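Coordinates in review
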Amino acid sequence: MSLHPEYIKHKTEYGIWRDTLNGGDSYIEKYLEQYSTREDAQDFKYRLAMTVNPAFASGAINDIKDAIFQRFTEVKRTGGGQSYNTAIDGLSGGVDNFGSTMNSFIGNKVLNELVGMGRVGIFVDMPKLEGNTLYDTKDARPYLYVYRCEDILNWDYDTNGNLRYVILNRNSYKRDNDGIITESKQEEITVFPNRIITPSGTVSNALGLVPFTILELNHGLLRDIAKYQIALMNISSSDINYLISANFPLYTEQINQNTEMNKFMKKETDVVDKEKIGVRHGRQYPIGSDRPGYIHPSPDPLLASIKKQDQLKEELRQIVALSVSTMRAKMESADSKKADLEGLESGLASIGTVLETGERNIASLWNRYEGSGGEVVIFYPERYEIKDLDKTIERCTKMLKMIPSIPVLDAQRALMDKITTLLLAHNIDEEQLSLIRAEIYKLDIVTVNQDILIADLEAGLISKKKVGTLKHYPEEEIALAEKEHADRLARIAKAQVEQVRGVPDTQTTNVSAEDKVNTAKRGDQKKEKLND
């Protein structure tokens, strides 16, 4: 068997990665370790039954998958033949003959493999035609199915980036006369542009290309985190076993050695009274001895274990973030559109680029099979995000509060641009986002805090019209508000001859002070009566 150097390099790791991705009871049974010197077979069997799989690694992969999958509604596909456009919408059997749209096929069957394992293959197949008439071939069209990375044994590309060959491991089924599968085995096939070699013989490949596309990252996420999950599962299993099996209080009581010795020296026919203990029974104890009591195992080992688990979980989260941020397409160009992105977003964008390239190859092979349809144009979104809305809002709120204290207008605009991008980039298309960002750099006042604007208005630093513009009030609304305010003052002036307490717009002097002139003070009447 001829194997690719990359396959040989990771061959021993594929099993752990696959088991971690699949999870289940078989994962627990395979990777739960027995305490060789402290645990017999029966105790291990009991602990095995109580152990759960923490599934942190597969959960992290699902987070990455969801971050990309949620933006599939923005993937743009134009061009191609009728059967291709029908299939990508999930009609007439879909892209895989099981009714899948292209989005669901990529999201459910390709993404997990690509993110977790780092490589996945897609075979673009065509059913064998039984006749040459239009009626015989009217329902024939290409369809897709996935090959796992451990089933892609060897491959190579020519100078144009096309596959020269690919060697695959596939399942072969033996069926009875009713079509029921009676036997399954794996067999190796080699696909060339002009022929396909199988154990049963060689068949021609009239396509002229290898009908296979490989989607590949520089590494999969499970490379760095699979063993963390194994460690967490074993520590957690030990803790659960301790809590269930060993976390019991023990009754203790001081004894008199002479008395206890006499009990052992009695004949077997002598009856020894059994003392009852518990919350409903009292207990006598000799004068001068300590009171009987209960002791319990120290929680310190358990607390130390929990602390270590928390540390491992935090390390795992950091490794996931670092691993995703360093993900790149195997053949990514230096002038990639992700050059201006950072961290997690850059890694997610790289995954999107791999999917985009792979789908273009699929469309090209599809059209080549049918010999019809123009070039298919496919564009994936440029920005992706692992959503944590609360943290994003908190981060943007802090930056928004910083804007008024920055003295440079261009810096204020740049910060507002960043806030806008963080909040909207993953919810609107790139064209709309570009228009909004362009509007930001046209602003001559960036501050939108209402308290600051009102304070500046009252201090005479800004006009009502400008405040209205910043608050996006229509111009006619500002003029109408000023007119209504003037009318209100006029009505008050006309209706009230004197200044009225509580109506600030009509007061020019201190009405309260004037009212108190020549007004009797509290207690004056009592003083007059006493004088009488």
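You'll find the structure just up there.
Read on for a plain summary of the structure.

Turning our attention to the sheet that holds strand β9 (residues 212–216). Spatial strand order, β3-β2-β9: 3 strands in an open sheet with antiparallel pairing. Each edge of the sheet is formed by a strand with only one pairing partner; in this case those strands are β3 (143–148) and β9. Along the sheet, successive strands turn relative to each other by an average axial angle of 25°, direction set aside. The sheet contacts of helix α6 (residues 102–117) involve β2 (119–125), β3 and β9, and relative to β2 the element is tilted by about 145°.

For side chains of opposite charge, pairing can occur when their charged atoms come near one another. For the coordinates displayed, the defined rule picks out 18 salt bridges. Note that E439 is salt-bridged to K442, the shortest N-O span being 3.6 Å. Within the structure, one salt-bridge network assembled from shared partners comprises R18, E113, R148, E150 and D151.

Looking now at the packing of helix α8 (residues 222–246) against helix α10 (residues 300–325). α10 packs onto α8 with a crossing angle of 160° between their chain directions and a minimal axis gap of 10 Å. Our classification of the angle between α8 and α10 gives roughly antiparallel. Judged by the twist between their axes, the crossing of α8 over α10 is left-handed. Along its contact with α8, which presents D224, I225, Y228, A231, L232, I235, S236, D239, Y242 and L243, the element α10 presents L302, S305, I306, K308, Q309, L312, K313, E315, L316, I319, V320 and S323.

Here the focus is the environment of Y228. For Y228, the position within the fold is in helix α8. Considering only alpha carbons, one finds Y228 and L312, 84 residues apart in sequence, at a separation of 7.2 Å. Leave out the neighbours within four places in its chain, and Y228 touches L312, E315, L316 and I319.

Time to look at the pairing of strand β4 (residues 152–157). Pairing between β4 and strand β5 (residues 163–175): 5 bridges, direction antiparallel. Across the sheet, the residue bridging to W155 is V166, located in β5. Count of turn residues in the β4/β5 antiparallel hairpin: 5 residues, of which G161 carries a positive phi of about 85°.

Thresholds, definitions, all that
Residues numbered from 1 in each chain as written. Predicted model: local features only at pLDDT ≥ 70, side-chain atom pairs only at ≥ 80, totals over all residues. Heavy atoms only, no water. Pairing = 2+ DSSP bridges. Helix = DSSP H or I, 4+ residues; strand = E, 2+ residues; numbered from the N terminus. Axes fitted to C-alpha atoms, helices over the stretch in contact; angles between N-to-C directions. Contact = heavy atoms within 4.5 Å. Salt bridge = Lys/Arg side-chain N within 4 Å of Asp/Glu carboxyl O. Parallel < 35°, antiparallel > 145°, perpendicular 65-115°, else oblique. Left-handed = near helix turned anticlockwise from the far one by under 90°.

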